[in-house]
Amino acid sequence: MSNSKASETSRKVWALAWPIILTNLTSPLLGAVDTAVMGHLPGPQFIGGVAIGSIIFTFLFWGLGFLRMGTTGFSAQAYGADDPIEVRATLVRPLALGALLGAILILLQAPISAIVFPLIDASEGVTANAQAYYDIRIWSAPATLIQYGIIGWLLGLQRPWAAMATQIMVNSVNIVLDLVFVLEFGWGVEGVAAATLLAEIAGALLGLAIVYHTVRRMSGTWNWPEILRRDRLLALFRVNRDIFIRNLCLIAATSSFTAQGAAMSDALLAANAILINLQHFLSHGLDGFAHAAEILGGGAVGARDRSAFKRVVRSATYLTIASTLAISIAYAVFGTEIIGLFTNIEEVLEAAAVFLPWMIVSPFLSAPSFLLDGLFIGATRTAAMRNAMVVSLAVFGLACYVLVPALGNHGLWLSLMIFMVARAVTLGIAYPALERSISRPEAVPAQ
């Protein structure tokens with residue numbers, strides 16, 4: 001019986017993971033196309049401008065990524081507990097919050113710009129391109145944040161194909177418009193930003209249509225007193241607060257990485273931007289198993305089934321290990337050719353090739369933290385995630401302080417790898433308490 005349940009769990013993990021992997025890979029593909037299009041314009045300042053502009057929106061949007069991450073945990077637990085009224089409520093809360101936060105970002109676009117751009121230690125050409133990118137893409141904020149809530153809710157309901165459709169829409173429209181606006185119309189960085197804006201709007205509209213048809217087929221009703229229950233809203237606030245702090249720490253580390261590369265030279269900034277795209281392919285690919293663990297693990301928490309949770313952990317771990325090895329081999333064998341797809345600028349190609357070995361070892365050092373993230377998010381054990389990331393950011397800062405002056409860009413990459421290991425170690429320390437708590441009432445947000 002035990003082997004039968006383990007096999008069934010593995011099949012469920014894989015059935016959820018592979019469409020999520022395909023969905024996730026469209027996101028770094030989008031960034032890769034942006035980088036590749038800019039990489040074939042004359043000069044590294046175009047790649048650098050998009051890289052810096054993207055970092056700004058990483059702060060703004062990924063910082064609010066709790067709209068996706070927290071929603072998946074709550075909707076997965078409501079789904080596992082077979083509570084259709086709460087399933088509906090877990091949709092309304094993040095959608096309303098996402099629309100509100102998106103509108104606030106648009107209203108604050110000038111103050112944000114005035115604060116952020118003076119902090120960027122990049123060349124004049126890079127900064128000018130980044131500002132042009134920012135001025136256009138900021139208008140996508142409401143659509144982007146609404147999508148976060150939609151995707152998180154659909155994943156929690158174990159509907160990865162529906163979530164996949166919205167992301168394919170976003171990234172397909174973006175890629176096509178990138179090529180048209182930049183290569184055909186010659187709009188440069190402005191064309192990349194406009195393509196992203198229109199693609200995000202298209203994705204939000206499709207997502208809302210999918211949600212409408214999904215809800216029509218569900219049992220339960222819209223219960224507004226339940227949606228507005230104080231304890232539920234406080235639980236949402238607590239989880240979102242913790243994930244927000246966690247995300248800010250993660251973004252601070254990745255943004256510091258980019259900023260330190262920008263201070264070295266435009267060529268190193270561009271080379272690091274290309275290699276970070278490879279890191280994004282890695283993280284988004286392996287996140288498929290993390291998301292599957294998040295969904296199924298969250299369902300086990302909602303059902304208060306510790307044995308099911310442990311089976312999810314084992315199955316997701318085995319699949320993650322196999323995928324990690326495959327990605328590392330692919331980067332070792334095809335890494336140079338992949339870099340060549342991004343740019344034809346010789347100095348950037350040479351710089352990226354020097355630091356490619358970091359991408360070959362990165363899968364082994366990064367994968368454990370990705371999987372643990374998924375397990376903690378699904379269980380909505382966000383305080384532990386927050387604390388682990390704060391410690392990991394401090395470790396990264398110390399590593400950069402010691403290693404970058406001594407080793408230059410190699411020290412920067414080594415610091416990033418140390419950061420990934422620190423994330424896994426700190427979450428690993430907290431994991432036994434998570435597993436022990438699942439059968440207790442406090443493992444689930446207050447009912």
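Residues numbered from 1 in each chain as written. Predicted model: local features only at pLDDT ≥ 70, side-chain atom pairs only at ≥ 80, totals over all residues. Heavy atoms only, no water.

**Digging into the overall build of the protein**
The condition is simple: A helix here means a DSSP run of H or I that spans at least four residues, while a strand means a run of E at least two residues long, and both kinds are numbered starting from the N terminus. What the globule rule says is 2.2 Å times the number of residues to the power 0.38, and the radius of gyration is computed from C-alpha atoms. To sort residues, take the accessible area from a 1.4 Å probe on protein chains only and compare it with the maximum for the residue type: under 20% means buried, over 50% means exposed, and anything in between is partly exposed. Contacts between residues were defined by any pair of non-hydrogen atoms, one from each residue, lying within 4.5 Å. Asp and Glu count as negative and Lys and Arg as positive, but His and the ends of the chain are not part of the count. Where a charge sits is defined by one atom per residue type, namely NZ (Lys), CZ (Arg), CG (Asp) or CD (Glu).
When its secondary structure is counted, the protein shows 17 helices and zero strands. Scaling as 2.2 N^0.38, a compact globule of 447 residues should have a C-alpha radius of gyration of about 22 Å, and the protein matches this with 21 Å. In the protein, which comprises 447 residues, the proportion classed as buried is 57%. Taking the intrachain contacts of the protein between residues at least 6 apart in sequence as the baseline, contacts between residues at least 24 apart amount to 85%. In the protein, 26 side chains carry a positive charge and 26 a negative one; their mean positions are 19 Å apart.

**Some points on the pattern of salt bridges**
Note the threshold: Salt bridges are defined by distance alone: a side-chain nitrogen of Lys or Arg within 4 Å of a carboxyl oxygen of Asp or Glu.
Summed over all chains, the structure comprises 11 salt bridges. Note that aspartate 231 and arginine 229 form a salt bridge whose closest N and O atoms lie 2.6 Å from each other. Look at aspartate 231 and you get partly exposed, because its relative accessible area is 26%. The shortest N-O distance in the salt bridge between arginine 386 and aspartate 242 comes to 2.7 Å. Highlighted residues: arginine 386 in helix 16 (residues 382-407) and aspartate 242 in helix 11 (residues 230-264), separated in sequence by 144 residues.

**Side note on unusual backbone geometry**
The backbone of aspartate 82 shows a phi angle near 55 degrees, a positive value even though the residue is not glycine. With respect to the element layout, aspartate 82 can be found in the loop between helix 3 (66-80) and helix 4 (84-107). We classify aspartate 82 as exposed; its relative accessible area is 68%. A positive phi angle is found at threonine 380, which is not glycine, with a value near 50 degrees. By the element assignment, threonine 380 lies in the loop between helix 15 (357-378) and helix 16. A relative accessible area of 4% means that threonine 380 is categorised as buried.

**Things to note about the nonpolar core**
Operational definition: For the purposes of this section, nonpolar cores are sets of buried Ala, Val, Leu, Ile, Met, Phe, Trp, Tyr and Cys residues that join through side-chain atoms within 4.5 Å.
Met38, Leu60, Trp153, Phe309 and Trp413 are the most contacted members of the largest nonpolar core, which totals 124 residues. With 18 residues, helix 12 (residues 266-303) is the largest single contributor of residues to this core. Not counting chain neighbours up to four residues away, the residues in contact with methionine 38 comprise Phe46, Ile47, Val50, Val182, Gly188, Val189 and Val192.

**Concerning the packing of aromatic side chains**
Applied cut-off: Each Phe, Tyr or Trp ring (for Trp, its six-membered ring) is paired with any other whose centre lies within 6.5 Å, and the angle between the two planes then decides the class: stacked below 30 degrees, edge-to-face above 60, tilted in between.
Considering all chains together, one arrives at 13 aromatic pairs under this definition. When the centroid spacing of 6.1 Å and the interplanar angle of 75 degrees are considered together, the rings of phenylalanine 66 and phenylalanine 244 count as edge-to-face. Of the two residues, phenylalanine 66 sits in helix 3 while phenylalanine 244 sits in helix 11, which places them 178 residues apart along the sequence. Classification of phenylalanine 66 by relative accessible area gives buried; the value is 7%. Looking at phenylalanine 244, the relative accessible area reads 31%, which means it is partly exposed. Taken together, Phe57, Phe61, Phe117, Tyr133 and Tyr134 form an aromatic cluster joined through their ring pairs.

**Examining the environment of serine 7**
With respect to the helices, strands and loops of the structure, serine 7 is situated in helix 1 (residues 2-39). Linking serine 7 and arginine 311, residues 304 residues apart in sequence, is a C-alpha distance of 9.2 Å.

**Description of the packing of helix 11 against helix 16**
Spelled out, the test is: What counts as an axis is a line fitted to C-alpha atoms, over the stretch in contact for a helix, and the angles between N-to-C directions run from 0 to 180 degrees. To sort the angles, those under 35 degrees are grouped as roughly parallel, those over 145 as roughly antiparallel, those from 65 to 115 as roughly perpendicular, and the leftovers as oblique. By convention the crossing between two helices is left-handed if the near helix lies anticlockwise of the far one by an angle smaller than a right angle, and right-handed if it lies clockwise. In the scheme used here, Gly and all other residues not listed as nonpolar or charged are polar, with Ala, Val, Leu, Ile, Met, Phe, Trp, Tyr, Cys and Pro taken as nonpolar and Asp, Glu, Lys and Arg as charged.
Orientation of helix 11 relative to helix 16, taken along the N-to-C sense of each, is 15 degrees, at an axis distance of 7 Å. The orientation of helix 11 with respect to helix 16, classified from their angle, is roughly parallel. In the crossing of helix 11 with helix 16, the sense of the turn from one axis to the other is left-handed. Grouping the amino acids of the contact of helix 11 with helix 16 by side-chain chemistry returns 17 nonpolar, three polar and five charged.

**What about the state of the cysteines?**
Defined as follows: Disulfides are defined as pairs of cysteine sulfur atoms found within 2.5 Å of each other.
Per the stated rule, a full pass over the model turns up zero disulfides. Not engaged in a disulfide, the cysteine cysteine 400 finds its nearest cysteine sulfur in cysteine 249; these two sulfurs lie 14 Å apart.

**A word on helix 7 (residues 141-156)**
This is how it is decided: In a helix, the anticipated span is given by 1.5 Å times the number of residues less one.
Taking 1.5 Å per residue, 16 residues should reach 22 Å; helix 7 reaches 23 Å between its end C-alpha atoms and fits that length. Where burial is concerned, most of helix 7 is hidden: 15 out of the 16 residues are buried.

**Points about the packing of helix 3 against helix 11**
Running from N to C, helix 3 and helix 11 point in directions that differ by 135 degrees, and their axes come no closer than 9 Å. Overall, the two elements helix 3 and helix 11 adopt an arrangement that is oblique. Judged by the twist between their axes, the crossing of helix 3 over helix 11 is right-handed. Between helix 3, through Phe66, Met69, Gly70 and Phe74, and helix 11, the contact on the second element is made entirely by Ala235, Leu236, Val239, Asn240, Ile243, Phe244, Arg246 and Asn247. Grouping the constituent residues of the contact of helix 3 with helix 11 by class yields eight nonpolar, three polar and one charged.

**What about a nonpolar patch on the surface?**
Filter applied, for reference: Surface patches are drawn from residues lacking salt bridges whose relative accessible area is over 30%; two like charges belong together within 9 Å, two nonpolar side chains (Val, Leu, Ile, Met, Phe, Trp, Tyr) within 5 Å. For every accessible area listed, the method is Shrake-Rupley and the probe measures 1.4 Å; residues are considered covered only by the protein chains on display.
A surface patch of nonpolar side chains, amounting to about 350 Å² of accessible area, comprises Phe59, Phe244, Ile245, Leu248 and Val390. Examining the composition of the nonpolar patch, we find that three residues originate from one element, helix 11, more than from any other. When you line up the elements, phenylalanine 59 lands in helix 2 (residues 45-62).

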